[in-house]
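Chain by chain, the residues:
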Amino acid sequence: MASNYDDILQKLNEHLKQFCPPEIEITPDTDLINQLAIDSVKLLNLVMEIEDEFDISVPLNALADVQTVHELANLIHQIKSAQ
Amino acid sequence: MSLLDKLDAIAAARKALLPEGVEVFGTPIEEVYSSTAAKIGDRRVLFLGTNNYLGLTFAPQCLEAAHKAIDSEGTGTTGSRMANGSYSGHRALEREFAEFYRCHSCIVFTTGYQANLATISGLAGTGDVILIDGDSHASIYDGCRLSGAEIIRFRHNDAQDLEKRLRRLGDRSRSALIIVEGIYSMLGDRTPLAEIVRIKTTYHSTLLLDEAHSLGVLGQTGQGLVEETGLLDQVDFITGTFSKSLGNIGGYCVSNHPQLDQLRYVSRPYIFTASPTPATIASTRAALKLLREGVELRRQLWSNARTLYARLKELGYQLGPEPSPIIATILDTPQEAIALWRGLLEHGIYVNLMLPPAAPEGKSLVRCSVSAAHSSEQIDFIGETFAVLRKTIFQH
Ligand SMILES: Cc1ncc(COP(=O)(O)O)c(C=O)c1O
């Protein structure tokens, strides 16, 4: 099971590639909204993909605090670890 | 960014998207002639987006009841029922709704929006989980937020996806609230209720069904999807609105769980707002009677819905997955949607326009809702207008 943080980050990056313009390199500090232009609707769809990948449910409430790639990876990690 | 700067940014985004000189949102209506006709600018238009499914806004019985109530009880209750008391009409309407659904309890709310806010936030709280369909109405999202419960979205109308999420919850599924809608307001499709009921029973969860767009529209007596599917006894809570098939304003929740009545003491959207006006209550009671007896209205409504759906499909418009009184044409870009909306208005037909992010999955919709009050000639005229616009807007 991919519950270590680095594995999660790597898998998450695969999902984020679809949003990433060629000139941007995704790092843990990349801002989902301002740099990858992931708006609220796209974010909800992305979360559905991630939920399937990691077999978790991400509560909408928790997403309010997520701004960067690291924060999203960390959230997934926390939910996975609590399972 | 200051508070006002944020609003300026919204004004700029609107200006960039919307054409000059037309009020796309909140279009000024100068005069109303009937349940289906009004004046916009200096033109007479046909209403084709008002969710007035049974056309009851001018039903003589409802008008008369409203007039009488104003004369005898005044224009307003000037406060909440908790503070100012419960008029006999409010109590009678609750009894009539409970009797209509053959269930123990009903609470009437000031709007349908508040019915969802009050019911959801009254049932669930911090530590509970609510599972909602991805295409849920804003009132459901807002009710969930107000509750403080954990909110989990499942894929629209995908019962398997819901089941997967319940399974992940383990024992917590027993205190989970599942929320679905009878007919979804964007594309007019129905929730797969039999499947949802099977799942909620397996996982011992609680089910809330919003019949906002299906009350008066589905079922022999108009109860909604619960009647059409014969699943009334399997649904824990039903909410709905007076603002569509009943042609008024207000909302309700009915349930066989007697605990529903406790919401009157804990639910803020019920306690801290004024109760509906006497005229609203009296005319809604008259409308509910017409709705229950409205077999012929429903037959006409569905005949109109099926005819228009088939015509638009034949013309090549991309539509929602099944015929229903809500007929949404799905457009690739906001510009196409605005052009179609505007073209319809220029031909005297007023419909709804939905642009991202209001419409699901970044789509743009031109949404029609047919009424039992539309004549077959009007439905033909609407079809012809869509045919003309198909040629002019989408020649390529
Ligand atoms: C599914 C759904 N629920 C609730 C509401 C809220 O009802 P109202 O507009 O009567 O407050 C609406 C309509 O706007 C709706 O479409």
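### Topic: the overall build of chain A
(1) Moving on: Along chain A, the regular secondary structure elements total four helices and zero strands.
(2) Moving on: In chain A, the succession of α and β elements from N to C terminus is α-α-α-α.
(3) Moving on: A globule of 83 residues ought to have a C-alpha radius of gyration of about 12 Å, and chain A, at 12 Å, matches this closely.
(4) Moving on: Across the 83 residues that make up chain A, the buried fraction comes to 43%.

### Quick notes on the pattern of salt bridges
(1) Moving on: Counting across every chain of the model gives 27 salt bridges over all chains.
(2) Moving on: A salt bridge links Arg292 of chain B to Glu99 of chain B, with the nearest nitrogen and oxygen atoms 2.9 Å apart. In this pair, Arg292 of chain B sits in helix 12 (residues 278-292) while Glu99 of chain B sits in helix 4 (residues 88-100), placing the two residues 193 residues apart along the sequence.
(3) Moving on: Given the relative accessible area of 27%, Arg292 of chain B is considered partly exposed.
(4) Moving on: Using a relative accessible area of 47% as the deciding quantity, one classes Glu99 of chain B as partly exposed.
(5) Moving on: Taking the shortest distance from any N to any O, the salt bridge between Glu293 of chain B and Lys289 of chain B comes out at 3.4 Å. Both residues of the pair, Glu293 of chain B and Lys289 of chain B, count as exposed.
(6) Moving on: Shared partners join several salt bridges into a network, and the residues in it are Glu51, Asp52 and Asp55 of chain A together with Arg155, Asp161, Lys164, Arg165 and Arg168 of chain B.

### So, the layout of surface pockets
(1) Moving on: Estimated volume of the largest pocket: approximately 1200 Å³.
(2) Moving on: In terms of lining residues, the largest pocket is bounded by 38 residues, among which Ser40, Val41 and Leu44 of chain A together with Tyr141 and Arg153 of chain B are the most central.
(3) Moving on: Those elements that place two or more of their residues in the lining of the largest pocket are helix 2 (40-54) and helix 3 (60-63) of chain A together with helix 6 (138-147) and strand 6 (150-154) of chain B.
(4) Moving on: Ranked by residues supplied to the lining of the largest pocket, first place goes to helix 2 of chain A with six residues.
(5) Moving on: Among the residues forming the lining of the largest pocket, the class breakdown is 20 nonpolar, nine polar and nine charged.
(6) Moving on: Both domain 1 (20-54 + 295-394) and domain 2 (58-292) of chain B contribute no fewer than three residues apiece to the lining of the largest pocket.
(7) Moving on: In this structure, the second largest pocket encloses a volume near 400 Å³.
(8) Moving on: Asn51, His137, His213, Ser243 and Lys244 of chain B are the residues nearest the centre of the second largest pocket, which is lined by 25 residues in total.
(9) Moving on: Those elements that place two or more of their residues in the lining of the second largest pocket are helix 5 (112-123), strand 9 (237-241) and strand 13 (352-354) of chain B.
(10) Moving on: The element best represented in the lining of the second largest pocket is helix 5 of chain B, accounting for four residues.
(11) Moving on: Residue classes in the lining of the second largest pocket are distributed as six nonpolar, 15 polar and four charged.

### Brief notes about the interface of chain A and chain B
The accessible area lost on association of the parts is a frequent measure of interface size.
(1) Moving on: Taken together, the contacts link 13 residues of chain A with 16 residues of chain B.
(2) Moving on: Taken together, both faces of the contact between chain A and chain B bury some 1300 Å²; the carbon and sulfur share is 51%.
(3) Moving on: When the buried area of chain A at its contact with chain B is split by residue, Met48, Ser57 and Leu60 of chain A rank highest and sum to 39% of it.
(4) Moving on: In this assembly, chain A and chain B are joined by five salt bridges.
(5) Moving on: For Arg168 of chain B, the salt bridge identified is with Asp55 of chain A, shortest N-O distance 2.8 Å.
(6) Moving on: Taken together, chain A and chain B are joined by 10 residue pairs in polar contact (both at pLDDT 80 or more).
(7) Moving on: Of all elements in the fold, only helix 2 and helix 3 of chain A reach the threshold of two or more residues within the side of chain A that touches chain B.
(8) Moving on: Residue classes in the side of chain A that touches chain B are distributed as seven nonpolar, two polar and four charged.

### As for the packing of aromatic side chains
Residue and element names in this part refer to chain B.
(1) Moving on: Scanning the model with the defined rule gives 10 aromatic pairs over all chains in all.
(2) Moving on: Judged by centre distance (6.3 Å) and plane angle (15 degrees), the ring pair of Phe242 and Tyr252 falls under stacked. In this pair, Phe242 sits in the loop between strand 9 and strand 10 (251-255) while Tyr252 sits in strand 10, placing the two residues 10 residues apart along the sequence.
(3) Moving on: Chaining the aromatic ring pairs together yields one cluster made of Phe97, Phe100, Tyr101, Phe242 and Tyr252.
(4) Moving on: Over the face of the ring belonging to Tyr317 we find Arg390, whose NZ or CZ atom lies 4.8 Å from the ring centre.
(5) Moving on: Of note, Arg390 hangs over the ring of Phe394, and the distance from its end group to the ring centre comes to 5.1 Å.

### Regarding the sheet that holds strand 2 (residues 37-40) of chain B
All names here are of chain B.
(1) Moving on: Strand order in this open sheet of four strands is 1-2-3-12, and the pairing throughout is mixed. Because the sheet does not close on itself, it has two edges, and the strands there are strand 1 (31-32) and strand 12 (349-350).
(2) Moving on: Summarising the sheet, strand 2 and strand 3 (residues 43-47) pair through four bridges and their orientation is antiparallel. Paired with Ala38 across the strands is Val45, a residue of strand 3.

Conventions used here
- Residues numbered from 1 in each chain as written.
- Chains lettered and ligands numbered in written order.
- Predicted model: local features only at pLDDT ≥ 70, side-chain atom pairs only at ≥ 80, totals over all residues.
- Heavy atoms only, no water.
- Helix = DSSP H or I, 4+ residues; strand = E, 2+ residues; numbered from the N terminus.
- Rg over C-alpha atoms; globule rule 2.2 N^0.38 Å.
- Buried < 20%, exposed > 50% of the residue type's maximum accessible area, 1.4 Å probe, protein only.
- Salt bridge = Lys/Arg side-chain N within 4 Å of Asp/Glu carboxyl O.
- 1 Å grid on protein atoms, 1.4 Å probe; cavity = no way out; pocket = protein on both sides within 12 Å on 5 of 7 lines; lining within 4 Å.
- Points joined across faces, edges and corners; volume = space filled by probe spheres on them.
- Nonpolar A, V, L, I, M, F, W, Y, C, P; charged D, E, K, R; others polar.
- Domains from an automatic or database assignment.
- Contact = heavy atoms within 4.5 Å.
- Buried area = accessible area lost by both parts, 1.4 Å probe.
- Polar contact = N/O pair within 3.5 Å; in protein donor to acceptor, adjacent residues only side chain to side chain.
- Phe/Tyr/Trp six-rings, centres within 6.5 Å; stacked < 30°, edge-to-face > 60°.
- Lys NZ or Arg CZ within 6 Å of the ring centre and 35° of its normal.
- Pairing = 2+ DSSP bridges.

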